[in-house]
Amino acid sequence: MKHNSILSLNLSLNLNLNLNFRLNLLFIPLFYLVLSSCVQKSQDPVDLVNPNIGGISPLLETTVPLVNLPNSMMRIYRFPGNYQSEKVYGFPFILCGHRNGTAGLLMPTSGEVSTNPEKWQSYYDHDYEVCKPYYYSVWLEDPDINLEFTVAEKSSFYRVLWNKNEQKNLMLAVTTKGSINIIDKNTVEGYEIYLNKVKVFFYLKTEKSFTKDSIWDSANNSATGIAGLAGIKPTVSLTFQVLQKEKIGMKMGISFVDTEQARKNLEKDIPDWNFELIKEKAREKWSEALGKIEVNGSTQDQKTIFYTALYRTYERMVNISEDGRYYSGFDDTIHNDNDTSFFVDDWMWDTYRAAHPLHAMLNPEIEGLKIQSYVRMYKQSGWMPSFPILFGDNPCMNGNHSAAIIADAYFKGIRNFDIQIAYEGLKKNAMEATMLPWRNGPMCSLDTFYLEKGYYPALNPGEKETVALVHPFEKRQSVALTLGHSYDDWCLAQLAKALNKNDDYKYFLKRSHNFGNLFNPGTGFFAPRTANGNWVKDFDPKFSGGLGTRDYYDENNGWTYLWDVQHDISGLINLLGGREKFVNRLDQLFIEPLGKWKPDYLQQMPDATGQVGQFVMGNEPSLHIPYLYNYAGAPWKTQQRVRMLLDTWFTNSPFGIPGDEDGGGLSAFVVFSSMGFYPVTPGIPAFNIGSPIFTDVSVKLQNNKTFKIIARGSNRQNKYIQSATLNGKSWTKPWFSWDDIRNGGELVLKMSSRPNYSWGSDTGDAPPSGLN
């Protein structure tokens, strides 16, 4: 395996290559080479980030080496983004949202202009690539072109160096329907219609005037000169006459409002042609964001993994407010925005677990603005969102998990959102919206059944679906829905209690018990029941339910969903027969055989990657499971499991993420767990203690206070807690509350290579849980 070093240090070591040639290829000045050889020099967190981590997926989606600012609208990367791609097809104008959906394509070329985008493609080599959160450069081998870019909030800045003495071209393509207009010899504007709904407007300025241009579309319509063309896949070529080895700048503003706003965004973000200044400003933004957590006392790789994970959690949500206006896909309208913030692109099924709690701690003001965006979405569409992205709510997965996000923020003191309207929207979803996965809108007969009987009804194997609203691929997911909504209703009950809505509190608290209706004591699993109350026939917790076990679960099987009772872990312990049996079942999870030849297993369960027995590290419903030992008197096993999972599945390499990195979900697990704590139950303002991989962690809170975690002696073997103090007092609990640290604090852990079986083991030491 060839690791992609974030600093490309191999440049300075290859003495057989011409140094000037290598430096020219990568735009790296000589002093940078000198600095990179100074091993003792400390690095800022942003310098440790490796955006190529996760660029090779175990099976499904990869990460991409995204260049952006924290939570910013402009997000760009080389396309394709996966690490194994040998060619660059181009550089999208912008990443718009879910599953790496993009708009537009930009690519410099040499020689004769081709109307075929496949001819623009070029081989590239990761050894001639620099990837930073704020900057990217690459040598395009076929046309012998160096390209680099950096970003501002809503704009991008490119520099191109054509090394060949051939015609120098810049290709711009709209990849679906849209328009391209030549305004003058330095300006191009237009738009692309993303997913047949959202117009993505762009405004491009070139530092040097282009001497020739041509526009064409897929129907062979064409134009030259000061002209425009609208239609299917319009494309423009711009040709430049520049001196040999002269770099040319291009900058682009983006808007979801109109082309005039795209122009304003560009002029505000990048008023001149000082590339290095914009690059440095972008770096400072990332230094500020990543610098909110300082870590020491680990390997260089561990720091890189940590800060790369933290960088990924800033990918979403995205603020798309533009000078007091924003486009909302929830009512397809341009709105005035006096608060200057409207956030979209949130994958709640993934992010409610750890990504939102992380930023509720690091950036509570912004977290409140995100939630206020949910409130606006509800007012605009009539429903609280479940998966809000650019074009509106994309009801992926299942659950009413905005309840968990809002409850977690509210009980951590975040108040800069309209809690009354938020509660109104959450209650409407709980009382009137369908629970069916991948569906929006009013209830159907299955939802009515749930309200009456307290569980979602399943079909027996081979039984034909009779409800038209059920998604043909995603199915009913009857157990997953019942468990997920039980937790969401508990979150809603806690909000009702805090808002003195006592009748609502009693009602939703009762509904939060519904998970128990699907626990089958005969099998010891949460299992599907049919509408007549019978257990589904011939049930196998590993494989019943078809592809991804979606008839009953969702992407994961009954072994994963056995632990999906985040709000009542003490109740789950009782269901499983007490603390000792609970721990034994957890142990069995990590050693239980797959039950099939692995290729056959993955053919049915493609999302269940990163297996340790039946435990699935690569999918979000598993993230809290290693911490459950804390609730049953065995915190040392949490410490052992978390360390093993971090060391095994999260590495500084393109293989370094074990599953789909959906909106920062897996990365937030890495951030929390590496620091040594984790939010098992969003909505309870408390954190479970794990095993820090760092000896020193400092977390800057928004009130200028600092929370410190000191793990004395922590290393690869010294993963077990012997004793602890919290804020100067002896601490025997494997958890702490938000109130313990919200005004700063210090958790000191004495680590050892052997477990302390008694620390945190008393019943009274268990983290808060249970229905109330």
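Below is a short write-up of the structure. (Residues numbered from 1 in each chain as written. Predicted model: local features only at pLDDT ≥ 70, side-chain atom pairs only at ≥ 80, totals over all residues. Heavy atoms only, no water.)

Moving on: helix H21 (residues 665–675). Burial analysis of H21 places 11 of its 11 residues in the buried class, which makes it a mostly covered element. Buried within H21 we find Gly 665, Leu 666, Ser 667, Ala 668, Phe 669, Val 670, Val 671, Phe 672, Ser 673, Ser 674 and Met 675. Positive backbone phi, approximately 110 degrees, marks Gly 676, located one or two places after H21. (Buried < 20%, exposed > 50% of the residue type's maximum accessible area, 1.4 Å probe, protein only. Helix = DSSP H or I, 4+ residues; strand = E, 2+ residues; numbered from the N terminus.)

Before going further, it helps to spend a moment on the environment of Pro 45. Among the secondary structure elements, Pro 45 is positioned in helix H4 (residues 45–48). Since its relative accessible area comes to 17%, Pro 45 is described here as buried. For the pair formed by Pro 45 and Ile 248, sequence separation is 203 residues and the distance between their alpha carbons is 31 Å. With near-sequence residues (within four places) excluded, Pro 45 lies in contact with Leu 290, Gly 291 and Tyr 307. (Contact = heavy atoms within 4.5 Å.)

This part covers the pairing of strand E33 (residues 686–689). Residues in a regular strand project their side chains so that they alternate between the two faces of the sheet. Side chains of E33 alternate between two faces, with Ala 686 and Asn 688 and Phe 687 and Ile 689 buried alike. Note: strand E32 (residues 677–678) against E33, two bridges, orientation antiparallel. Its bridge partner being in E33, Phe 677 is matched across the sheet by Ile 689. As defined by bridge partners, E33 adjoins strand E38 (residues 735–737) across three bridges and the pair is classed as antiparallel. Bridge pairing in E38 places Asn 688 opposite Trp 735. (Pairing = 2+ DSSP bridges.)

The residue Gly 683 is located in the loop between E32 and E33 in this model. Classification of Gly 683 as buried rests on a relative accessible area of 7%. If sequence neighbours within four positions are ignored, Gly 683 has contacts with Ala 404, Ala 407, Asp 408, Phe 411 and Trp 490.

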